[in-house]
Amino acid sequence: MSNAVVVGTQWGDEGKGKIVDLLAERFDIVARCQGGHNAGHTVIVDGRKYILHLIPSGILHQGKLCVIGNGVVVNPFALIEELKGLEGFEVDGRLAVSNRCHLIMPYHGAIEAAEESRLGDRKIGTTSRGIGPCYEDKIARRGIRIGELASPDHFRNRVLSNLEVKNRILTNVYGEKPLDGEAIVDSYLEAAKVVLPFVTDTAELLNRSIREGKSVLFEGAQGALLDIDHGTYPFVTSSNATAGGACTGTGVGPTAIDGVIGISKAYTTRVGGGPFPTEFTDELGEAVREKGSEFGASTGRPRRCGWFDAAVVRYSCLVNNVDALVITKLDVLDDLEEISICVGYRHQGRRFEGFPSSIETLEEVEPVYETHPGWRTPTSGITRYRDLPDQAKSYLRRLSELVETDICVVSTGPDRSETIPVPESPKTALFFG
Ligand code: GDP
Ligand code: IMO
Ligand code: MG
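Residues numbered from 1 in each chain as written. Chains lettered and ligands numbered in written order. Predicted model: local features only at pLDDT ≥ 70, side-chain atom pairs only at ≥ 80, totals over all residues. Heavy atoms only, no water.

Q: Whenever I open this one, the pairing of strand S10 (residues 216-219) confuses me. Can you help?
A: Residues of S10 alternate between two faces, with Val-216 and Phe-218 on one and Leu-217 and Glu-219 on the opposite face, all of them buried. For strand S1 (residues 4-8) and S10, the ladder comprises 3 bridges, and the chain directions are parallel. Bridge pairing in S10 links Val-5 to Phe-218. Where strand S2 (residues 29-32) meets S10, 4 bridges bridge the pair, whose relative direction is parallel. When the sheet's bridge partners are listed, Val-30 is paired in S10 with Leu-217. (Buried < 20%, exposed > 50% of the residue type's maximum accessible area, 1.4 Å probe, protein only. Helix = DSSP H or I, 4+ residues; strand = E, 2+ residues; numbered from the N terminus. Pairing = 2+ DSSP bridges.)

Q: Just to check I follow, could you spell out the pattern of salt bridges for this structure?
A: Two side chains bearing opposite charge may form a pair once their charged atoms approach each other closely. Inspection of the entire model under this criterion finds 27 salt bridges. Lys-16 is the salt-bridge partner of Glu-14, the closest N and O atoms lying 2.8 Å from each other. Of the two residues, Glu-14 and Lys-16, neither departs from the other in class, the shared state being buried. Across the pair Glu-204 and Arg-208 runs a salt bridge whose closest N-O atoms are separated by 2.9 Å. Here the residue Glu-204 and the residue Arg-208 both occupy positions in helix H7 (residues 202-211), the gap between them amounting to 4 residues, near one helical turn. (Salt bridge = Lys/Arg side-chain N within 4 Å of Asp/Glu carboxyl O.)

Q: Just to check I follow, could you spell out the coordination of the magnesium ion (ligand 3) for this structure?
A: For a metal with four donors in a tetrahedral arrangement, the ideal angle between donors is 109.5 degrees, while six donors in an octahedron ideally sit at 90 or 180 degrees. At the metal site, the magnesium ion (ligand 3) is ligated by Asp-13 (OD) and Gly-40 (O), and these contacts range over 2.1 to 2.2 Å. On the criterion of sequence distance, the pair formed by Asp-13 in the loop between S1 and helix H1 (16-24) and Gly-40 in the loop between S2 and strand S3 (41-45) is long-range, its members being 27 residues apart. Given the relative accessible area of 23%, Asp-13 is considered partly exposed. Residue classification places Gly-40 among the buried positions, given a relative accessible area of 13%. (Donors = N, O, S within 2.8 Å, 3.2 Å for Na, K, Ca; no water.)

Q: In this structure, what is going on with the site of ligand 1? I would like to understand it.
A: Taken together, 19 residues lie around ligand 1, and Lys-16, Gly-17, Thr-42, Asp-331 and Ser-411 are the ones closest in. Protein contacts shield 92% of the accessible area of ligand 1, which totals 580 Å² for the unbound molecule. Broken down by secondary-structure element, the contributors of at least two residues to the shell around ligand 1 are H1 and S3. If you tally residues by element for the shell around ligand 1, the top one is H1, at 3 residues. Counted by class, the shell around ligand 1 contains 3 nonpolar, 9 polar and 7 charged residues. (Near = heavy atom within 4 Å. Areas by Shrake-Rupley, 256 points an atom, 1.4 Å probe, with all protein chains shown as cover. Nonpolar A, V, L, I, M, F, W, Y, C, P; charged D, E, K, R; others polar.)

Q: Can you walk me through the environment of Thr-248 in this structure?
A: As for its position among the elements, Thr-248 is in helix H8 (residues 245-248). Considered as a pair, Thr-248 and Glu-164 are 84 residues apart in the sequence and their alpha carbons are 31 Å apart.

Q: Help me out: how do you make sense of the packing of helix H2 (residues 76-84) against helix H6 (residues 181-195) in this one?
A: Helix-helix packing: each pair is described by the crossing angle between the helix axes and the interaxial distance. Contact pair H2 / H6: the axes reach a minimum separation of 9 Å and the direction vectors enclose 40°. Considered as vectors, H2 and H6 are oriented oblique to each other. Crossing angle aside, the handedness with which H2 passes H6 is left-handed. Taken together, the residues of H6 that come into contact with H2 (itself represented by Pro-76, Phe-77, Leu-79, Ile-80 and Leu-83) are Ser-187, Tyr-188, Ala-191, Val-194 and Val-195. Among the residues making up the contact of H2 with H6, the classes are represented as 9 nonpolar, 1 polar and no charged. (Axes fitted to C-alpha atoms, helices over the stretch in contact; angles between N-to-C directions. Parallel < 35°, antiparallel > 145°, perpendicular 65-115°, else oblique. Left-handed = near helix turned anticlockwise from the far one by under 90°. Contact = heavy atoms within 4.5 Å.)

Q: Can you walk me through the site of ligand 2 in this structure?
A: Taken together, 20 residues surround ligand 2, and among them Asp-13, Lys-16, His-41, Thr-127 and Thr-237 come closest. Note that an oxygen atom of ligand 2 is positioned 2.9 Å from one of the side-chain N or O atoms of Asn-38. Within the side chain of Arg-301, a nitrogen or oxygen atom sits 2.9 Å from an oxygen atom of ligand 2. The fraction of the free accessible surface of ligand 2 (550 Å²) that becomes covered by protein chains is 98%. In terms of residue class, the shell around ligand 2 is made up of 7 nonpolar, 10 polar and 3 charged. (Polar contact = N/O pair within 3.5 Å; in protein donor to acceptor, adjacent residues only side chain to side chain.)

Q: Hey, could you run me through the state of the cysteines in this one?
A: Taken as a whole and judged by the stated rule, the model has 0 disulfides. Free of any disulfide, Cys-305 has its nearest neighbouring cysteine sulfur in Cys-342, separated by 16 Å. Residue Cys-305 is classed as buried on the basis of its relative accessible area of 2%. The cysteine Cys-342 is free of any disulfide, with Cys-317 supplying the nearest cysteine sulfur at 14 Å. (Disulfide = S-S within 2.5 Å.)

Q: How should I be thinking about the sheet that holds strand S5 (residues 65-68) in this particular structure?
A: Sheets are built from strands that pair by backbone hydrogen bonding, the pairs being arranged parallel or antiparallel. Taking strand neighbours across the sheet as the criterion, the 10 strands line up as S9-S7-S5-S2-S10-S1-S11-S15-S19-S20 in an open arrangement whose pairing is mixed. The open sheet has two edge strands, strand S9 (199-200) and strand S20 (419-421), and neither has a second partner. Pairing of strand S11 (residues 259-265) with strand S15 (residues 324-328) involves 5 bridges; the strand directions are parallel. Counterpart to Gly-262 in the pairing with S15 is Leu-325.

Q: I keep staring at unusual backbone geometry and nothing clicks. Help me out?
A: For residues besides glycine, phi is generally negative; the peptide bonds are generally trans as well. Residues Tyr-233 and Pro-234 are joined by a peptide bond in cis, for which omega reads 5°. Following the sequence through the fold, Pro-234 ends up in the loop between S10 and H8. Although it is not a glycine, Ser-128 sits at a positive phi angle of roughly 60°. For Ser-128, a relative accessible area of 56% corresponds to the exposed category.

Q: Where do I start with the packing of aromatic side chains in this structure?
A: Given two aromatic rings, one states the distance between the centres and the angle between the planes to describe the pair. Applying the stated criterion across every chain yields a total of 8 aromatic pairs. Seen in terms of ring centroids, Tyr-315 and Phe-355 are 4.8 Å apart; in terms of plane orientation they differ by 20°. Their pairing is stacked. Here the residue Tyr-315 occupies a position in helix H10 (residues 310-320), and Phe-355 occupies one in the loop between strand S17 (350-352) and helix H11 (359-364), the gap between them amounting to 40 residues. With respect to class, Tyr-315 is no different from Phe-355; both count as buried. Ring geometry for Tyr-345 and Phe-355: centres 6.1 Å apart, planes at 50°, overall tilted. Remark: Phe-355 occurs in the loop between S17 and H11 and Tyr-345 occurs in strand S16 (residues 338-347); sequence separation between them is 10 residues. By relative accessible area, Phe-355 is classed as buried at 13%. These aromatic residues form a ring-pair network of at least three members: Phe-77, Phe-155 and Tyr-188. (Phe/Tyr/Trp six-rings, centres within 6.5 Å; stacked < 30°, edge-to-face > 60°.)

The values are spatial; any link to function lies outside them.
Here you go:
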């Protein structure tokens, strides 16, 4: 496999950062394709924790080129902050940002905050990064792209023209204060001094590199259930977090991509609003949140926790055409006496086939559970698959059967070393071959 996509198969935070970091060694380039600094990808290197938001997790591997593809929305101040956190890593010459990336502007955040507050109980529970309104402007053909920062007069005109309308929305629709256009322009042009040296035509760069025989790892952000088309709309993010987003978000065609690796937790989490059929409603939720440190890597918000939902992951494996799955955080289940798996749903007294497209239906479904005995022994530190407790192996086999996809790797801790290859999976060689 030369070019591969890593995608989240649940509602994000599956451990993509850890797995991309592991895989990065075997690829020449790591590219982000969609989303923005709503993502929080955690990587532990030599006991030190790094949380990447915009910059691909491959940046922690010296010598790898990292690309922020055209599908990513960029807040230049967030990018500068992140670069500061990477002191000690050589970034110059290793980071390329697409000139076609759309800029997140202060009015995006202001409108998002006002709209979330208007929605009240039905708010999406976004990361408040201005992601949705920025993608709205992109699709409405009024967005401002990062390459436009190179022409200050043109940039000023674009901002002031957009702001004229945004300020009317902020004041007349939401009753908020207007924003100061000149201050925005000045601060963005200041940030441009740091950011523009990284800006280039990354579609050209990636495709030329592929033609020269270099390999690319596409680092998905969020997860399939947060995808704007395939996720639990409207409780989703505003980009294509499924594998197809790797093509549109970088300008690399689908025939250049050789495989898709899906990442899934051994249970389920979600941050923000929206239906979650297997969510714990008892003290187990708190226990799993504590054991799994389930607090948002970007916002610090507590993550909602629940049992593994095979209906979710089966659907994800289908819409991403996942070749093999990595199951993370198995260790978080180590203490449990019994572990349930949702094998599918019932709706209005009947078995529901597939995954519902309407959230009203998803809110009404009843999960059908199967209960398995826990293994009640630590799995962290185990390095060979055969040394895992029998109950853990049978749990993993059942997950694989239910989601109709091979499991190639099991993760039992945040560290690089806490990763176990599944010997019979042909995809294991990608990590350990
Ligand atoms: P991402 O957004 O998919 O990259 O995932 P996050 O970084 O937001 O959240 C995953 C969290 O789980 C991070 O804190 C990781 O360090 C941690 N993690 C990853 N794999 C494992 C694992 O197998 N076990 C445990 N206990 N933690 C893990
Ligand atoms: P990574 O890449 C988990 C969620 C938000 C909210 C919804 C919309 O770390 O897995 P947005 O700010 O994108 O408009 O919010 O999507 N969300 C994530 N949840 N992991 C993420 O990224 C997320 N990015 C966005 O919580 O429910
Ligand atoms: Mg995350």
